[in-house]
Amino acid sequence: MAGTKVGVVTTIPPYLQHLVDDAAIFPPGNAPLPEAVAAHREHRASGHAALVGPFVVSDMRLPELLEAVGGAGEALPVSVVVTGGAGAIEPAVRWATRAGTLELRGLEVALRDEADLAHNARRMATAVDRLVSLGELGDEVPVYVEPPRLRGEEPTHSWLSALDELAAVDLRVKLRTGGVEADAFPSAAELATSLAAVLDRELRFKATAGLHNAVRHRDPETGFEHHGFLNVLLATRASLDGGAPGDVARVLEESDGAVLAERLSADPDEAARTRRWFTSFGSCSVLDVHEDLVELDLWKDEA
């Protein structure tokens, strides 16, 4: 129980706190940036504030965000998606920290799909280490590095070596779980394989794209099969407990929300420990996430 007020009992499981990063300006939501900032501030002042992580913004839109935020009020917590390679990390950090109106809570950068992914990962680590040593980036700011999708193939030596490089310097991983096209969604088997590789190396990770709802489902408009964020949480636990990829994939394929909710409610402390590894996910709709949790009776707003 995270908080109690006079006459009101509030239940906010630790395993759900700061679970969803607000990616409202990214597809498929594509909210106008000023409106998204205003909505984010409303989320942070609402009864579901404890659910919400930082506002996710591309480095290319940092000037626009600085203008939208202005100079008044509390600094806006942000996670910055770096659109270039290792060389783009430094300017992104400087833009995010230059005015004091943004609070840098994370960096997200993709490994380019090259033959030598391990070399690319080392370049990322070197760029981050340099910024930390210069005092321009706090060593507590998490940096998430996104490897290329496996796309149904077994992990290559280069792919696994890149994860080894990240683990050696305690960077984190970003796993893509969907997108705006059908082939952007990894199968349950592919995601289970990625989870196993990441967790075997004791790498913390966040998920991105496609996790609009709590439970695995097929979108009636697009026909896309979406992973559920509760499925990913429970699959992470199953993988940590030594589950084979096939068993982990079956957790990812569970489409009965009541079953998932029961499993989580049976041992919320274990679920909270799992969050050390599955740190958060980005969603273009915080409200959809909140509504699903309320419907499953896993969340009651503070009042």
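Here the structure is a predicted model, which means the values were calculated and not measured. (Residues numbered from 1 in each chain as written. Predicted model: local features only at pLDDT ≥ 70, side-chain atom pairs only at ≥ 80, totals over all residues. Heavy atoms only, no water.)

**Digging into the layout of surface pockets**
At step 1: When its volume is computed, the largest pocket comes out at roughly 420 Å³.
At step 2: What lines the largest pocket is a set of 26 residues, among which Phe26, Pro27, Arg176, Thr208 and Ala209 lie closest to the centre.
At step 3: The element contributing the most residues to the lining of the largest pocket is strand β6 (residues 102-110), with three residues.
At step 4: Considering only enclosed or pocket space, the second largest pocket measures out at about 330 Å³ in volume.
At step 5: Lining the second largest pocket are 18 residues, with His18, Pro54, Tyr144, Thr279 and Ser280 sitting closest to its centre.
At step 6: Listing elements by their share of the lining of the second largest pocket, those giving two or more residues are β4 (52-58), β6 and β12 (278-283).
At step 7: Here the lining of the second largest pocket is composed, by residue class, of four nonpolar, six polar and eight charged. (1 Å grid on protein atoms, 1.4 Å probe; cavity = no way out; pocket = protein on both sides within 12 Å on 5 of 7 lines; lining within 4 Å. Points joined across faces, edges and corners; volume = space filled by probe spheres on them. Helix = DSSP H or I, 4+ residues; strand = E, 2+ residues; numbered from the N terminus. Nonpolar A, V, L, I, M, F, W, Y, C, P; charged D, E, K, R; others polar.)

**Overview of the pairing of strand β5 (residues 76-82)**
At step 1: For β5, the tally of buried residues reaches seven of seven residues, placing the bulk of the element in the interior.
At step 2: Side-chain alternation along β5 places Leu76, Val78, Val80 and Val82 on one buried face and Pro77, Ser79 and Val81 on a second face that is also buried.
At step 3: Sheet topology places β4 next to β5; four bridges connect them, and they run parallel. Along β5, the bridge assignment pairs Phe55 with Val78. (Buried < 20%, exposed > 50% of the residue type's maximum accessible area, 1.4 Å probe, protein only. Pairing = 2+ DSSP bridges.)

**Details of the confidence of the model for the protein**
At step 1: Per-residue confidence for the protein gives a mean pLDDT of 93, with 96% of residues at or over 70.
At step 2: Long-range and interchain partners of residues 1-10, a stretch whose pLDDT sits below 50, account for 13 contacts in this model, where long-range means more than four residues apart. (pLDDT = per-residue confidence, 0-100. Contact = heavy atoms within 4.5 Å.)

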